[in-house]
Amino acid sequence: MSKTTKNLGLFQYDPDKDGASTFNIKRALNDNWDKLDGEVSARVKAEELAAEVKKTVKAGGLTAAELGAEKSGAVSAHNKSTSAHSAQFAKKQDKIKGTKGKYLGFTATDTVGEVDAPASGGSRITLTFASDFVGQAWTLSGGGETYTGTVDSSLTATVSVLGINTTYTLSASLSGVTYTAEVTTKDYYTALAVTLEKFQSTITVTVDSGSTVTATLGSTVLTKTSTGTAVFTVGKAGTWSIKATKGDQTAEGTVSITASGQSKSLTLSYANVFGVMWDTSNSSTALTRLTPETDPYGLVTRSVATEPKPAVGTGSGSSPFDAYAPWADMKECNLNDAGTVTAWKGDSGFSRGFQRVMVHIPEFYVKYKESGTKKYFYISDCARNDFVKHPGSGKFVGRYVAAPSSDGVVHYVFSQTNGSAGVNITRANARTLAKKNGAKYHLYDFATCCAIIWLYLIEFADWNSQSKIGSGHVSSSAASTSGRTDSMTYHTGRTNTDGVENQCNVQYRWIENLWGNVYQWVDGFNANGTTAYYCTDPSKYADDTSADYTKIGTLPASGWIKDLTVTDNGLLIPKTTGGSDSTYIPDYADSSSGWRVLYVGGCWGDGSNAGLLCFYANDASSYSSSYVSARLLCEA
């Protein structure tokens, strides 16, 4: 018999035994070459691995004994200590990793997570399945790892994973429905368990047809296309985030699922955006309504086909904006000292004789853009893209101006019907008296005044408020009492009960006499000559100062307003004058040198000077008059 080498068992020719007749070329040459080639390949790989381990050992400080333990596959104290491993080993671990979370040299009975770097950790997760899942494929995924298997009759499986502080999602499907459960590893070498049960609930989302709707909980993301509704069958409890998109429109909400078998519904609405364009090169008071087709910036989502019709006296009125927020939610209410609504108009407890009859100004969002001589004004009923919340929205404004007490002196700034206008009061005194109502109360302010202008402007698309709604009580010798519009059944219009239009009171969305009858002090605005400043923090309101105020622009000389300065968050002041009582903005603005305070609207004898944008910043903070009153405001 031929001789063989001691280590590799290679064939050696023995002249005493192997004659020419017994020489086998396959055995003598080919088999030997195959064995040599395999051995060389194995040794090269071993040397590469040894070099990597040596490099890692050098960086991590392993002892020779530990190295021997690692090579032999023994589970040493080092294997269970996160501090003994270097972060560099995490980069090398895949080269010595076996299958399904195990490493070379270890068996299923060894401690889980051997030879892990501290950044990766290691844990053993026991999976338990409900009997429904027998024979179904399961997946455990998390931290970039994926493990798979099939549920057998034992209803359990064990997986060794790498991550610490890592969430793993166990999933399996039944009849097209995917069920999931989650487990999160914590410390190094933790034993965890997760159970997958047959959990099924339904979420029905109502939203515009054609919308893409997603339901998300953790790593689970489900997607549907709405046909008017989108129905999701979900396989786990929790708060699901629901998001619908259509074009550049987005609507979001949440649904809480707490038990299997629940059916929950959610209705999502996209932002309603209306817009108007004002060409300042055109002397007309009218603005152009924007539609989704004509808006150059593509922001408008809604347009109206009819114009508002204010009421006259007890007659009817109408407005297409009655169907849309924020206009539709401008309602009367009674507030208590804490600023809480005690009754809305229509409730049994509501009374206009109450001391704080207020009108709600809902939150709304604005965007302003300019292009050449054109100015664009947009209102959205909810947050959208880069729209900003108007700082004057989300408040309650007095339906009526302040009234004096029985002694003829204003002791509080209330909002109550059937009272003579509370006048002869400075702005600072009015501020103090408004605060006496409660912590949330203060004086009618610049931000809210601007918010009402925006609401009116988008609704009526015309600067001439006197022409569109009514001249107001502007041709008389004295102020009228509050509540003259109480007999009106529609929220916007004029009384005209005596047949003389310019001696009649007006209301806009239930707010009485925003122009005409008496001026109203406006807080949060100061002017030093023509330099104008504003503040939106009621706690910082003060006279004759720019401290805690922001410069908004420069006021023009006195005259009919021709152009405006408008800020990105919807505040506005007169910029230039030179118009008339029937062109551009047909309201009068006044300014003067030195520190000045602001009152707005016009009074009983102002005629065409009055109007929603009538703007007087020409008197000192010490000023009071029989034609200047105050209006109450409350933060929501």
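If you're wondering where the values come from, they're calculated on a predicted model, not measured in any experiment. (Residues numbered from 1 in each chain as written. Predicted model: local features only at pLDDT ≥ 70, side-chain atom pairs only at ≥ 80, totals over all residues. Heavy atoms only, no water.)

## Side note on the layout of surface pockets
The rolling of a water-molecule-sized probe over the atoms marks out the regions of remaining empty space. A volume near 150 Å³ is recorded for the second largest pocket. Lining the second largest pocket are Asp208, Gln249, Leu268, Ser269, Tyr270, Ala271, Asn272, Thr301 and Arg302. Looking at the lining of the second largest pocket residue by residue, the classes come out as three nonpolar, four polar and two charged. (1 Å grid on protein atoms, 1.4 Å probe; cavity = no way out; pocket = protein on both sides within 12 Å on 5 of 7 lines; lining within 4 Å. Points joined across faces, edges and corners; volume = space filled by probe spheres on them. Nonpolar A, V, L, I, M, F, W, Y, C, P; charged D, E, K, R; others polar.)

## Digging into the packing of aromatic side chains
Each aromatic ring pair is characterised by the separation of its centres together with the angle its planes make. One pass over the full model with this rule turns up 28 aromatic pairs. Taken together, the ring pairs connect Tyr519, Trp521, Trp560, Tyr588, Tyr599, Trp604, Tyr616, Tyr623 and Tyr627 into an aromatic cluster. Just above the ring of Trp510 sits the side chain of Lys345; from NZ or CZ to the centre is 3.5 Å. The lysine or arginine in question, Lys369, covers the ring of Tyr297, its NZ or CZ lying 4.7 Å from the ring centre. (Phe/Tyr/Trp six-rings, centres within 6.5 Å; stacked < 30°, edge-to-face > 60°. Lys NZ or Arg CZ within 6 Å of the ring centre and 35° of its normal.)

## Details of the sheet that holds strand 5 (residues 145-150)
As summarised here, the arrangement of the four strands in space is 5-4-7-8, forming an open sheet in which the pairing is antiparallel. Sheet topology places strand 5 and strand 8 (177-184) at the edges, where each strand pairs with a single neighbour. Taken pair by pair, the neighbouring strands of this sheet meet at an average axis angle of 20°, ignoring direction. Bridge count for strand 4 (residues 137-142) against strand 7 (residues 167-174) is four bridges, and the pairing is antiparallel. The residue bridging Ser141 from the neighbouring strand is Thr169, located in strand 7. (Pairing = 2+ DSSP bridges. Helix = DSSP H or I, 4+ residues; strand = E, 2+ residues; numbered from the N terminus. Axes fitted to C-alpha atoms, helices over the stretch in contact; angles between N-to-C directions.)

## Comments concerning the environment of Tyr599
Mapped onto the elements of the fold, Tyr599 is located in strand 37 (residues 595-600). Overall, Tyr599 belongs to the buried group, its relative accessible area being 2%. A C-alpha to C-alpha distance of 6.0 Å links Tyr599 and Tyr519, two positions 80 residues apart in sequence. When near neighbours in sequence (up to four residues on either side) are disregarded, Tyr599 contacts Tyr519, Gln520, Trp521, Val522, Cys614, Phe615, Tyr616, Asn618, Asp619, Tyr623, Tyr627 and Val628. In this structure the side chain of Tyr599 is engaged in a polar contact, spanning 2.4 Å, whose partner is the side chain of Asp619. (Buried < 20%, exposed > 50% of the residue type's maximum accessible area, 1.4 Å probe, protein only. Contact = heavy atoms within 4.5 Å. Polar contact = N/O pair within 3.5 Å; in protein donor to acceptor, adjacent residues only side chain to side chain.)

## What to know about the pattern of salt bridges
According to the stated counting rule, one finds 20 salt bridges in the structure shown. Salt-bridge contacts for Arg427 lead to Asp523; the nearest nitrogen and oxygen are separated by 3.8 Å. Of the two residues, Arg427 is situated in helix 4 (residues 427-435) and Asp523 in strand 31 (residues 519-528); the sequence distance between them amounts to 96 residues. Here Arg427 falls in the buried class, since its relative accessible area comes to 0%. In this structure, the salt-bridge partner of Lys540 is Asp537, at a minimum N-O distance of 3.8 Å. Relative accessible area serves as the criterion here: at 35%, Lys540 is assigned to the partly exposed category. Using a relative accessible area of 31% as the deciding quantity, one classes Asp537 as partly exposed. (Salt bridge = Lys/Arg side-chain N within 4 Å of Asp/Glu carboxyl O.)

## Some thoughts on the pairing of strand 24 (residues 374-380)
Counting buried residues along strand 24, six of its seven residues qualify, which places the element largely inside the surrounding structure. Direction of pairing for strand 17 (residues 273-279) relative to strand 24: antiparallel, over a ladder of seven bridges. Across the sheet, the residue bridging to Val273 is Ser380, located in strand 24. A loop of two residues connects strand 23 (residues 365-371) with strand 24, the two strands running antiparallel in sequence, and Gly372 in this loop sits at a positive phi of about 65°.

## A look at the nonpolar core
Core analysis: the biggest nonpolar cluster contains 61 residues, and Phe377, Phe446, Trp463 and Phe525 have the highest contact counts within it. Per element, the largest residue contribution to this core is 13 residues, and it comes from helix 5 (residues 446-460). (Core = buried A, V, L, I, M, F, W, Y, C linked by side-chain atoms within 4.5 Å.)

## Things to note about the side chain of Asp590
Tracing the sequence through the fold places Asp590 in strand 36 (residues 588-591). Here Asp590 sits buried without a salt bridge, and the closest side chain of opposite charge, Arg596, lies 9.5 Å off (N-O distance). Within polar-contact distance, the side chain of Asp590 engages the side chain of Asn618 at 3.2 Å. Non-local contacts of Asp590, meaning those with residues more than four positions away in its chain, are made with Ser558, Phe615, Tyr616, Ala617 and Asn618. (Lys, Arg positive; Asp, Glu negative; His and termini not counted.)

## Quick notes on the confidence of the model for the protein chain
Averaged over the protein chain, the pLDDT score is 85; the fraction of residues at 70 or greater is 80%. In the model, residues 53-120 has pLDDT below 50 throughout and makes 108 contacts with residues more than four positions away in sequence or in other chains. (pLDDT = per-residue confidence, 0-100.)

## Some remarks on the sheet that holds strand 25 (residues 388-389)
Judged by pairing direction, the sheet is antiparallel, and its five strands sit side by side in the order 18-17-24-23-25 without closing on themselves. What marks the edges here is a single partner per strand, and that holds for strand 18 (288-289) and strand 25.

## Remarks on empty space enclosed by the protein
Scanning the entire structure with this criterion turns up three cavities of 30 Å³ or more. Here the largest cavity defines a volume of roughly 100 Å³. Together, 14 residues line the largest cavity, and Cys449, Ile453, Leu572, Leu613 and Phe615 are the ones closest to its centre. Elements with a minimum of two residues in the lining of the largest cavity: helix 5, strand 34 (559-566), strand 35 (572-577) and strand 37. Split into classes, the residues belonging to the lining of the largest cavity amount to 14 nonpolar, no polar and no charged.

## As for unusual backbone geometry
A cis amide bond links Ala325 to the next residue, Pro326, at an omega of 5°. Checked against the element boundaries, Pro326 lands in the loop between strand 19 (311-312) and strand 20 (332-335). Positive phi is not limited to glycine here, since Asp544 has a value of about 55°.

## Examining the environment of Ala434
Inspection of the secondary structure puts Ala434 in helix 4. Looking at Ala434, the relative accessible area reads 0%, which means it is buried. Note: C-alpha distance between Ala434 and Val413 (21 residues apart in sequence) is 4.8 Å. Contact partners of Ala434, with chain neighbours within four places excluded, come to Val413, Tyr441, His442, Leu443 and Leu632.

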